[in-house]
Amino acid sequence: MLSLLTLAWGANHVYITNHLEGREDLHIHCQSKDDDLGPHVLHINQNFRITFGLNFFSGTLFFCSFQWGNSPLFNFDVYDQDNSEKECHVECRWYVHKDGPCRNELQNDSSYVRKCYPWKQ
């Protein structure tokens, strides 16, 4: 949902890409406190984009559930304004693997390092 603040400050984007080993389809369902983006199926190397403006009063949080094959349902916060601002200013790209989502993070020396995170319980 694009608000007046989004138009004034610009939009942020989160990309979620299916990098599952075994080339399985990735089923995702993302939402925030205010917006349910519905279920989506990503084939290998396909991505899903979330576009939003920041909520300057209560922080912006987008969380998703992930599932493939007969796996259990996994969860992860793909954008948390309170914790993601440095690494995900304007754009954040997640690459989903079976052991967790990964992203390239900027280091102090201006290089990027791939960092992977465990699924949330």
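Here is a short report on the structure shown in this document. (Residues numbered from 1 in each chain as written. Predicted model: local features only at pLDDT ≥ 70, side-chain atom pairs only at ≥ 80, totals over all residues. Heavy atoms only, no water.)

**Points about the nonpolar core**
Buried together is how nonpolar side chains tend to be arranged in soluble globular proteins.
So, point 1. Counting residues in each nonpolar core, the largest one holds 24 residues, and the members touching the most others are Val14, Ile16, Leu26, Ile28, Ile50, Phe66 and Val78.
So, point 2. Elements supplying a minimum of two residues to this core: β1 (12-18), β2 (26-31), β4 (47-52), β5 (61-67), β6 (74-80) and β7 (91-97).
So, point 3. Considering each element in turn, this core owes the most residues, four residues, to β6.
So, point 4. Discounting chain neighbours no more than four positions away, the residues touching Ile50 are Asn12, His13, Val14, Ile16, Cys30, Leu37, Phe62 and Val78. (Core = buried A, V, L, I, M, F, W, Y, C linked by side-chain atoms within 4.5 Å. Buried < 20%, exposed > 50% of the residue type's maximum accessible area, 1.4 Å probe, protein only. Helix = DSSP H or I, 4+ residues; strand = E, 2+ residues; numbered from the N terminus. Contact = heavy atoms within 4.5 Å.)

**A short note on unusual backbone geometry**
So, point 1. The backbone of Arg23 shows a phi angle near 55°, a positive value even though the residue is not glycine.
So, point 2. Within the secondary structure layout, Arg23 lies in the loop between β1 and β2.

**Things to note about the state of the cysteines**
So, point 1. According to the stated counting rule, one finds two disulfides in the structure shown.
So, point 2. Note on cysteine connectivity: Cys30 is disulfide-linked to Cys64, with sulfurs 2.0 Å apart. Its torsion about the S-S bond being 110°, the disulfide of Cys30 and Cys64 is classed as right-handed. Taken together, the residues span a long stretch of sequence, with Cys30 in strand β2 and Cys64 in strand β5 at a distance of 34 residues.
So, point 3. Covalent S-S linkage joins Cys102 and Cys116, the inter-sulfur distance amounting to 1.9 Å. (Disulfide = S-S within 2.5 Å.)

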